[in-house]
Amino acid sequence: MKISTLTPSLKSLLFLLILIWVQLDSLTVSAQYDPVQPWKGKQGKNAKESEPYKAEPIVKTPAKAPNVVYILLDDVGYGAISPFGGQINTPNLEALANNGLRYTNFHTTAICSPTRAALLTGRNQHSAHMGLFPETAIDYPGYDARIPFEKAFISEALRENGYNTFAVGKWHLTPVNEVTQAGPFNRWPTGRGFEKYFGFLYGETDQYTPFLIEGTDHYTGDTKGKHFTTLITDKAIGYIGNQKSVNSEKPFFLYYATGAGHAPHQVDKSWTNKYKGKFDKGWDKYREEVLINQKKLGVVPEYVTVPAYTNGIKPWDSLSVDQKKVYARFQEAYAGFLEHTDYEIGRLISYLKSINQFDNTLFVVVVGDNGSSKEGTQTGVHSGYINAHSEKDRISLLLKDIDNIGTDKSIANFPLGWAQATNTPFRYLKQEAHSEGGTHNPLIIHWPNGIKDKGGIRNQFSHVNSIYPTTIELTGSKIPQTINGYPQEPLEGVSLGYTIDNPKASSRHTQQYFEISGSRSIYKDGWKAGAIHKLGLPFETEIWELYNLNEDFNEQKNLASQYPDKLKELQDAFDSDARKYNVYPLKDWTTVSFGQENAGAWAGKSKVILYPGLSHTFALSGPVLRNRSFSITADAEISNPQQQGVLYAIGGRFGGFSFFVKDAKLQVANNFGGKLSHLESARPLPTGKVTLKVEINYTGKPAQLFDYTGQFEDSGTEVLYINGEKVAEKKILKGESGNVGGYDEGFDVGRDQVSPVSDRYKTPFVFTGKLNTVTIDLK
């Protein structure tokens with residue numbers, strides 16, 4: 001019978017049956033957690049009449065499949081660490097490189113979350129809906145931060161192939177409105193294929209008082225003052241030890257994503273002091289020496305020269321004695337921070353060796369999710385308060401507190417001059433996706449059982465979206481047609497498997513676009529065209545540049561006027577990819593900003609009622625309070641004058657706001673980047689039912705996060721009320737209002753967890769009266 005002879009109704013029925021069969025078939029292939037064959041035994045009324053049958057898993061782990069460890073460092077440029085010619089000692093990473101492969105033409109996306117999305121999904125950042133950050137999400141497919149389930153993470157694919165899956169460290173991939181205890185949790189790490197997770201969910205955290213998550217809960221265990229990198233290493237070793245103790249043959253996948261070297265640069269002085277005096281020579285000399293090292297190692301071509309500075313960086317010799325002293329200390333702290341990170345990686349390696357798992361572990365080390373950080377300003381960052389001053393005053397203040405730079409008393413980030421130096425030999429920095437400086441990072445692949453060319457160099461063009469398919473190929477795994485019931489879309493990266501045994505193989509990844517906040521470029525067959533975007537200017541007027549990377553490794557010879565046809569070819573290729581992968585519409589920081597009012601879990605609400613017991617919650621998921629008018633009212637009951645504690649707090653020791661009761665007084669703490677001021681009631685609190693209120697009437701200009709201009713301007717008033725009666729009032733500075741944000745930490749009701757906003761109490765300073773509700777009114 002021919003289908004063409006069927007009636008329309010029969011055709012529809014046949015089509016429906018086919019669809020149902022396809023769906024059922026795909027679901028049986030990829031049911032979550034070790035689907036098994038049908039049971040073929042016999043069930044009688046008793047054991048004599050019955051026959052057992054052991055149903056074997058349908059999906060079996062590939063024979064001799066290696067363990068897999070992804071190590072992702074943060075904000076580390078091409079010229080920072082010793083395996084790629086830098087002057088920061090990283091002996092454990094160096095050993096991996098010397099016994100594995102160095103990839104010299106590897107690329108990231110130029111910034112954090114997009115690189116992580118591309119790494120873990122094997123797709124382009126905008127295709128994975130992560131064109132920028134979860135905190136800046138807007139309602140377009142390339143930028144809504146909702147990574148489709150049809151683009152499964154590598155953790156989900158490997159779990160389907162019989163792996164246990166663990167993640168520790170930085171995440172930064174969950175939509176802001178979903179990071180509360182109301183969930184949903186399917187875009188948290190444990191919802192994207194990781195069976196265990198321990199780390200922080202957003203862009204940065206204090207290394208000594210981190211805002212930690214374990215699984216889907218705020219971790220409140222005693223960290224005993226340990227450094228964050230130590231904590232995640234301990235946790236990773238614990239996960240592996242537990243798994244291998246039960247089944248030593250079963251492979252694991254570990255995603256180990258450090259906070260280092262992202263700000264805050266914090267480490268014990270013993271690590272920083274190892275570099276004391278080493279960088280007194282300055283960033284000019286550093287670049288020259290590192291380039292010599294890079295040529296000796298073979299990680300840059302011989303013809304490469306040191307490029308001119310960008311971003312307004314001044315030559316070292318033009319700086320004052322005080323500037324040199326302060327800036328050198330920032331670099332010492334950064335170097336100590338990274339060497340400590342390498343030490344912790346060494347602990348993980350040593351553990352794997354001790355349990356005989358090292359030789360069959362595939363290490364993929366992505367050295368930086370972008371080029372060196374450009375957020376450190378010309379003078380470096382030590383505290384928000386110091387950076388609110390003029391450049392001249394900053395140096396004076398930094399010099400007075402130089403011993404604390406890079407310690408747990410600092411939120412250090414190094415000056416732009418050191419960012420440029422540690423990005424040698426490239427011209428630009430993080431965020432600048434039009435350039436190699438933003439996107440060109442070191443890659444190390446190490447696998448004793450699988451790599452013969454120990455210490456080999458690979459120069460093929462590659463991109464972070466290629467790590468996923470490389471892992472699938474090298475482990476012998478397969479990607480099911482569906483995962484968790486979602487049909488899977490094709491990967492967009494190109495496996496590097498072809499390069500493992502063939503150093504001279506031609507590049508197979510021949511075209512790749514880049515875009516961050518409007519700065520954009522495209523690579524095609526060795527050529528690259530790009531345009532830097534200036535904030536607020538029309539995209540249509542920007543001038544594109546053209547480089548032949550086959551002959552110009554670090555983009556010093558602009559050939560746009562010489563080869564206009566080639567430039568047009570690449571511009572057209574970018575336009576085609578931009579349409580294909582959801583890059584359009586182009587936008588910049590004038591379109592999106594951190595902490596948008598429409599982004600969090602309480603978006604659109606002018607009144608928010610919170611209850612005691614609320615878990616410590618990411619600040620930007622909550623009501624946005626910085627640089628605006630609002631009031632907070634606590635409905636409480638106080639039975640005796642000794643009862644005290646926090647009513648509401650947001651932020652922590654380096655910036656925030658706390659509304660609390662102490663010594664029978666109603667009080668507010670404003671933490672302006674580490675500089676404290678307090679307001680307290682002129683009279684003691686009564687006992688009984690009380691209504692306690694703080695009101696901020698903000699009259700200043702709106703400000704972006706990390707905007708340090710005009711911070712000492714009077715910008716309104718802060719007023720305290722007890723039972724409707726005004727009991728205290730003061731003027732509030734723009735900087736004080738701007739620090740009612742607590743990006744690194746979260747907010748609390750009835751306590752102040754993680755680190756204290758005020759020096760008048762210690763965490764958690766739980767309110768010991770009865771707190772019924774806390775109401776936030778957004779004016």
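Keep in mind that what you see is a predicted model, and the values were worked out from it rather than measured.

How each quantity is defined
Residues numbered from 1 in each chain as written. Predicted model: local features only at pLDDT ≥ 70, side-chain atom pairs only at ≥ 80, totals over all residues. Heavy atoms only, no water. Helix = DSSP H or I, 4+ residues; strand = E, 2+ residues; numbered from the N terminus. Rg over C-alpha atoms; globule rule 2.2 N^0.38 Å. Buried < 20%, exposed > 50% of the residue type's maximum accessible area, 1.4 Å probe, protein only. Contact = heavy atoms within 4.5 Å. Areas by Shrake-Rupley, 256 points an atom, 1.4 Å probe, with all protein chains shown as cover. Phe/Tyr/Trp six-rings, centres within 6.5 Å; stacked < 30°, edge-to-face > 60°. Pairing = 2+ DSSP bridges. Core = buried A, V, L, I, M, F, W, Y, C linked by side-chain atoms within 4.5 Å. Axes fitted to C-alpha atoms, helices over the stretch in contact; angles between N-to-C directions.

A. Geometry of the overall build of the chain. What the chain contains, in helices and strands, is 15 helices and 29 strands. Its C-alpha atoms give the chain a radius of gyration of 28 Å, near enough to 28 Å, the size a compact globule of 779 residues would have. Each principal axis of the C-alpha atoms in the chain carries an extent, and together these give about 90 × 80 × 60 Å. Within the chain, the proportion of its 779 residues that are buried is 60%. Taking contacts inside the chain between residues at least 6 apart in sequence as the whole, the part at least 24 apart equals 74%. For the chain, the exposed surface amounts to about 30,000 Å²; the carbon and sulfur share of it is 52%.

B. Seen up close, the packing of aromatic side chains. Scanning the entire structure with this criterion turns up 41 aromatic pairs. Seen in terms of ring centroids, Y385 and F712 are 5.8 Å apart; in terms of plane orientation they differ by 85 degrees. Their pairing is edge-to-face. In this pair, Y385 sits in helix α9 (residues 384-387) while F712 sits in the loop between β25 (688-698) and β26 (714-722), placing the two residues 327 residues apart along the sequence. Looking at F712, the relative accessible area reads 35%, which means it is partly exposed.

C. Just helix α13 (residues 467-475), in detail. Counting buried positions along α13 yields eight of nine residues, so the element is predominantly enclosed. Regarding α13, the residues found buried are I467, Y468, P469, T470, T471, I472, L474 and T475. After α13 finishes, the residue G476 shows a positive phi value of roughly 75 degrees.

D. Broad picture of the pairing of strand β27 (residues 725-733). Where β26 and β27 come together, seven bridges link them in antiparallel fashion. Bridging from a neighbouring strand, L720 pairs with A728 of β27. Hairpin connection between β26 and β27: a loop of two residues separates the two successive antiparallel strands, and N723 in this loop has a positive phi of roughly 50 degrees.

E. Summary view of the nonpolar core. Ranked by internal contacts, the top residues of the largest apolar core, which has 72 residues, are L254 and W418. Among the elements that make up this core, the one with the highest residue count is helix α8 (residues 321-354) (eleven residues). One finds I154, A157, V364 and I445 within the second-largest nonpolar core, a separate group that totals 53 residues.

F. Layout of the sheet that holds β25. In space, the six strands of this open sheet follow the order β18-β29-β20-β25-β26-β27, with antiparallel pairing throughout. Looking at which strands have only one partner, the edges of the open sheet turn out to be β18 (607-610) and β27. Put simply, the sheet's adjacent strands are angled 15 degrees from each other on average, direction ignored.

G. View of the pairing of strand β1 (residues 67-72). Judged by how many residues are buried, β1 sits mostly within the fold: six of six residues are covered. Every second residue of β1 is oriented toward a common face, with N67, V69 and I71 on one face and V68, Y70 and L72 on the other, all of them buried. Across six bridges, the pairing between β1 and strand β8 (residues 361-366) is parallel. Of the residues in β8, the one forming a bridge with V69 is F363. Across five bridges, the pairing between β1 and strand β7 (residues 252-257) is parallel. The partner of I71 across the bridge, within β7, is Y256.

In short, the description is geometric, and any link to function would need to be established separately.
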